[in-house]
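Analysis of the macromolecular model
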Amino acid sequence: MDYRLLGRTGVEVSPLCLGTMMFGAWGNQDVDDSIRVIHHALDAGINFVDTADVYSGGGSEEIVGKALAGRRDDVVLATKFFMPMGKGPNQSGGSRKWIMQAVEGSLRRLGTDYLDLYQVHRPSAAMDVEETLGALTDLVRQGKVRYIGSSSYSGSQIVEAQVAARDRNLARFVTEQPPYSLLVRGIEQDVLPTARRYGMGTLTYSPLAGGWLSGKWRKDAAPVPTSAARPSARFDMTSVANQQKLEVVDALARVADEAGLTLIQMAIAFVINHPGVTSAIIGPRTMEQLISQLPAADVILSTEVLDAIDALAVGRMLRGRR
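Conventions we followed
Residues numbered from 1 in each chain as written. Predicted model: local features only at pLDDT ≥ 70, side-chain atom pairs only at ≥ 80, totals over all residues. Heavy atoms only, no water. Helix = DSSP H or I, 4+ residues; strand = E, 2+ residues; numbered from the N terminus. Rg over C-alpha atoms; globule rule 2.2 N^0.38 Å. Buried < 20%, exposed > 50% of the residue type's maximum accessible area, 1.4 Å probe, protein only. Contact = heavy atoms within 4.5 Å. Areas by Shrake-Rupley, 256 points an atom, 1.4 Å probe, with all protein chains shown as cover. Lys, Arg positive; Asp, Glu negative; His and termini not counted. Charge placed at Lys NZ, Arg CZ, Asp CG, Glu CD. Pairing = 2+ DSSP bridges. Right-handed = clockwise from strand over helix to strand, strands pointing away. Salt bridge = Lys/Arg side-chain N within 4 Å of Asp/Glu carboxyl O. Expected span 1.5 Å × (residues − 1). Polar contact = N/O pair within 3.5 Å; in protein donor to acceptor, adjacent residues only side chain to side chain. Axes fitted to C-alpha atoms, helices over the stretch in contact; angles between N-to-C directions. Parallel < 35°, antiparallel > 145°, perpendicular 65-115°, else oblique. Left-handed = near helix turned anticlockwise from the far one by under 90°. Phe/Tyr/Trp six-rings, centres within 6.5 Å; stacked < 30°, edge-to-face > 60°. Lys NZ or Arg CZ within 6 Å of the ring centre and 35° of its normal.

Quick look at the overall build of the protein chain now. Per the secondary structure count, the protein chain includes ten helices and ten strands. Taken over C-alpha atoms, the radius of gyration comes to 19 Å for the protein chain, in line with the 20 Å a tight globule of 322 residues would show. Projected onto the principal axes, the alpha-carbon positions of the protein chain cover approximately 55 × 45 × 40 Å. Taken over 322 residues, the protein chain has a buried fraction of 51%. Restricting to contacts in the protein chain with at least 6 residues of sequence separation, those with at least 24 account for 79%. On the protein chain, roughly 14,200 Å² of surface is accessible, and the fraction owed to carbon and sulfur atoms is 50%. Averaging the coordinates of the 34 positive side-chain charges in the protein chain and doing the same for the 35 negative ones gives two points 5 Å apart.

Here it is, written out as structure tokens:
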């Protein structure tokens, strides 16, 4: 597996990042099996692991911590904070008070004394970005965090954070984690160019569009989701929008078939083939799912395949404007 520089940090990461949201109560509740999946990913060359404190209420971080015992220094370990971790008024967000508490919880659950990448899970219009950056800068200076990043920030929010870091001499976000897939391409217009302008690494999530590009969701087959993180209402096939999405998915599957690829391989390869993307976060729940996704790391899509994908994407956007 080839490795890529994570922005301008000098750190090298695999083009596939192992996302762990599906390990724990939200997905695979078999701890030993989840650890086997993580170990297989590491053995296959993945050296980038992403989690979050909120995943399974901390359960995902605990599983990752157990899996990385004895292998911690070989992995670029990323986690996130911001989402509610309790019912109290100060158990979420980007305040200094919460960040200092949240990081200790993540370090404990992950069984490590440092995080390679600590990310703000979501932006907040009510929060002064300097408050968040100031607290994160202190964590970097304390050695508890190596680098900091953002997730789901708009282009303007990225700029605001970068300018604040420069003007106040604070640690800056070196990565952005946005959604990106064959079906969700909005970041091409603003986020990816902005991130590249500031030399940020980009680790995108949901390359299979939340399961739509897994190959299970076709006109002739509509299974019920098994994950608590993906409610059935999201896949209501009586919805006109979802019926249109199924048409696009079917057409994309035909493009993949003609290219000699599975839809999963083409979908993930599309993401990591973009020059603005450093790594795509894959989120397998089972060993079977991981094995189906790993080959995408070596797929290079031809111009003909990319043109066919673009034609379908443009058609979908035009239908959405009617």
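This next bit is on the pairing of strand 7 (residues 145-151). Burial runs high along strand 7: five of the seven residues are buried. In terms of strand pairing, strand 6 (residues 115-120) meets strand 7 through five bridges, oriented parallel. Bridging from a neighbouring strand, Tyr118 pairs with Ile148 of strand 7. Regarding topology, helix 4 (residues 129-142) serves as the crossover connection from strand 6 to the parallel strand 7, and that connection is right-handed. Looking at chain direction, strand 7 and strand 8 (residues 173-177) are connected through four bridges and run parallel. Each residue of the ladder has a partner; that of Ser151, found in strand 8, is Gln177.

To continue, consider the side chain of Thr137. Within the secondary structure, Thr137 sits in helix 4. Beyond its immediate chain neighbours, meaning those up to four positions away, Thr137 contacts Leu170 and Ala171.

The next point concerns the pattern of salt bridges. Counted by the stated rule, this structure contains eleven salt bridges. Among the ionic pairs, Asp33 bridges to Arg36, the shortest N-O distance being 3.6 Å. Taken together, the residues Asp33 and Arg36, both in helix 1 (residues 31-43) and three residues apart, mark about one turn of the helix. Between Lys80 and Asp50 there is a salt bridge whose closest N-O contact spans 2.6 Å. Separated by 30 residues along the polypeptide, Lys80 in strand 5 (residues 76-81) and Asp50 in strand 4 (residues 48-50) bring together distant segments of the chain. Judged by its relative accessible area of 0%, Lys80 is buried. Residue classification places Asp50 among the buried residues on the basis of a relative accessible area of 1%. A cluster of three or more residues bridged by salt bridges with shared partners is formed by Arg185, Glu188 and Asp310.

So, on to helix 4. Taking 1.5 Å per residue, 14 residues should reach 20 Å; helix 4 reaches 20 Å between its end C-alpha atoms and fits that length. Restricting attention to buried positions, one finds in helix 4 the residues Val129, Thr132, Leu133, Gly134, Ala135, Leu136, Thr137 and Leu139. The secondary structure elements touched by the buried residues of helix 4 are strand 5, helix 3 (96-110), strand 6, strand 7, helix 5 (155-168) and strand 8. Measuring from the side-chain oxygen of the N-cap residue of helix 4 to the backbone nitrogen of Glu130 gives 2.9 Å; that N-cap residue is Asp128.

This part is about unusual backbone geometry. Residue Ser152 is not a glycine yet carries a positive backbone phi of 65°. With a phi angle near 55°, Ala209 is a residue other than glycine that sits in the positive phi range.

It is worth spelling out the sheet that holds strand 4 at this point. The eight strands are arranged 3-4-5-6-7-8-9-10 in a closed barrel whose pairing can be described as parallel. Looking at each pair of strands side by side, their axes are set apart by 30° on average, direction ignored. Along the sheet, helix 3 contacts strand 5, strand 6 and strand 7; its crossing angle with strand 6, the most-contacted strand, is approximately 135°.

Two measures define how a pair of helices packs: the angle their axes make with one another and the distance between the axes. Interaxial distance between helix 4 and helix 5 falls to 10 Å at its minimum, and their mutual angle equals 60°. Classified by the angle between their axes, helix 4 and helix 5 sit oblique to one another. Note on packing geometry: the crossing formed by helix 4 with helix 5 is right-handed. Between helix 4 and helix 5, the contacting residues are Val129, Glu130 and Leu133 on the first element and Glu160, Ala161, Ala164, Ala165 and Arg168 on the second.

One pass over the full model with this rule turns up four aromatic pairs. Judged by centre distance (5.7 Å) and plane angle (80°), the rings of Tyr153 and Phe173 are edge-to-face. Separated by 20 residues along the polypeptide, Tyr153 in the loop between strand 7 and helix 5 and Phe173 in strand 8 bring together distant segments of the chain. The interplanar angle of 35° and the centroid separation of 5.8 Å between the aromatic rings of Tyr180 and Phe270 together place this pair among those described as tilted. With Tyr180 in the loop between strand 8 and helix 6 (191-197) and Phe270 in helix 8 (residues 263-273), the pair connects residues that are 90 residues apart, well separated along the chain. Each member of the pair Tyr180 and Phe270 is classed as buried. Over the face of the ring belonging to Tyr114 we find Arg72, whose NZ or CZ atom lies 4.0 Å from the ring centre. A cation over an aromatic ring shows up here: Arg146 above the ring of Tyr114, its NZ or CZ 4.1 Å from the ring centre.

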